[in-house]
Amino acid sequence: YTEEQFEDFDLSLEFKIAPKTNSGIFLRWSDLSDPVNTGLEIQVLDSFGVESLTTHSCGAIYDLVVPSEHAFKPAGEWNQVLITCDGPLVSVTLNGKKIAEMDMDKWTQAGLNPDGSKNKFPYAWADMPRLGHIGLQDHGGMIWYRNLKLRPL
């Protein structure tokens, strides 16, 4: 994770994963002892060829926003991702396709998404800090990252 904390930024990088790998990219992670609950996570998962997209598919804003389409390449191929955090707005562009967008201000209740579906988080994202660390998750499996570029907005 980064030592410095960031609020509004573009983060671009490339990643590739081995088959069946599950990982993630943490954003605005405010409590270093609890990245899972105090940082947004962009899911990095071998979900190529999976028919149904969920809040756990590659490119999802984990447990909060389903990707709008399949944009992930097969395991072993490089994927390009651009993540933008600008105030309450968070977006994910994967391989040139904008696939997930979130307005944090709409997540006003702990454990609930704006559409009424449940999520696992004990906090309302509208109330969470917008300043935090950026981190790359090691959740088992093989993953490679390269060409990480961070541009404050």
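As the structure is a computational prediction, the values presented were derived from the model and not from experiment.

Caption draft 1: Just the overall build of the protein, in detail. The helix and strand tally for the protein stands at one helix and eight strands. Tracing the protein from N to C terminus, the helices and strands come up as β-β-α-β-β-β-β-β-β. In summary, the protein has a C-alpha radius of gyration of 14 Å against a globular reference of 15 Å for 153 residues, a match within 12%. Taken along the three principal axes of its C-alpha coordinates, the protein extends 40 × 35 × 25 Å. Looking at the protein residue by residue over its 153 residues, the buried ones come to 44%. Restricting the contact set of the protein to residue pairs at least 6 apart, pairs at least 24 apart contribute 60%. Surface exposure of the protein reaches about 7700 Å², of which carbon and sulfur atoms provide 50%.

Caption draft 2: The arrangement of the sheet that holds strand S6 (residues 97-103) in detail. On the basis of which strands lie adjacent, the open sheet formed by five strands has the order S6-S5-S4-S1-S8 and antiparallel pairing. Each end of this open sheet is capped by a strand with a single partner; those strands are S6 and strand S8 (143-152). Between one strand axis and the next, the sheet turns by 15 degrees as a mean value, whatever way the strands run.

Caption draft 3: Just the sheet that holds strand S2 (residues 22-29), in detail. Read from one edge of the open sheet, three strands run S3-S2-S7, paired in antiparallel fashion. Both edges of this open sheet fall to strand S3 (40-45) and strand S7 (133-136), since each of them pairs with a single strand only. Neighbour-to-neighbour, the strand axes of the sheet open up by a mean angle of 10 degrees, direction not taken into account. Bridging between S2 and S7 involves three bridges; their strand directions are antiparallel. Within the sheet, the bridge partner assigned to Ile25 lies in S7 and is Leu136.

Caption draft 4: Local environment of the packing of aromatic side chains. Applying the stated criterion across every chain yields a total of four aromatic pairs. Ring centres of Phe15 and Phe72 lie 6.3 Å apart, and the angle between their planes is 15 degrees; this geometry places the pair in the stacked category. One end of the pair, Phe15, is in strand S1 (residues 9-17); the other, Phe72, is in the loop between S3 and strand S4 (79-86), with 57 residues separating them in the sequence. A relative accessible area of 2% means that Phe15 is categorised as buried. Using a relative accessible area of 7% as the deciding quantity, one classes Phe72 as buried. Here a set of aromatic residues connected by ring pairs shows up, and it is made of Tyr1, Phe26 and Trp29. A cation sits over an aromatic face here: Lys16 above Trp144, 5.2 Å from the ring centre. The ring of Trp78 has Arg146 sitting right over it, with the charged end atom 3.8 Å from the ring centre.

Caption draft 5: Molecular detail of the nonpolar core. Residues Leu27, Ile61 and Met102 are the most contacted members of the largest nonpolar core, which totals 33 residues. Those elements giving two or more residues to this core turn out to be S1, S2, S3, S4, strand S5 (89-94) and S6. The element best represented in this core is S1, accounting for five residues. Beyond its immediate stretch of four places on either side in the chain, Leu27 contacts Phe9, Leu11, Gly39, Leu40, Ile42, Ile83, Cys85, Val90 and His133.

Caption draft 6: Geometry of the pattern of salt bridges. For the structure on display, the rule yields six salt bridges. The closest approach of N and O atoms between Lys97 and Glu69, which form a salt bridge, is 3.5 Å. Taken as a pair, Lys97 in strand S6 and Glu69 in the loop between S3 and S4 lie far apart in primary sequence, 28 residues in all. Asp105 is the salt-bridge partner of Arg130, the closest N and O atoms lying 2.6 Å from each other. Of this pair, Arg130 sits in the loop between S6 and S7 while Asp105 sits in the loop between S6 and S7, and the two are 25 residues apart along the sequence. By relative accessible area, which is 18% here, Arg130 ends up buried.

What counts as what
- Residues numbered from 1 in each chain as written.
- Predicted model: local features only at pLDDT ≥ 70, side-chain atom pairs only at ≥ 80, totals over all residues.
- Heavy atoms only, no water.
- Helix = DSSP H or I, 4+ residues; strand = E, 2+ residues; numbered from the N terminus.
- Rg over C-alpha atoms; globule rule 2.2 N^0.38 Å.
- Buried < 20%, exposed > 50% of the residue type's maximum accessible area, 1.4 Å probe, protein only.
- Contact = heavy atoms within 4.5 Å.
- Areas by Shrake-Rupley, 256 points an atom, 1.4 Å probe, with all protein chains shown as cover.
- Pairing = 2+ DSSP bridges.
- Axes fitted to C-alpha atoms, helices over the stretch in contact; angles between N-to-C directions.
- Phe/Tyr/Trp six-rings, centres within 6.5 Å; stacked < 30°, edge-to-face > 60°.
- Lys NZ or Arg CZ within 6 Å of the ring centre and 35° of its normal.
- Core = buried A, V, L, I, M, F, W, Y, C linked by side-chain atoms within 4.5 Å.
- Salt bridge = Lys/Arg side-chain N within 4 Å of Asp/Glu carboxyl O.

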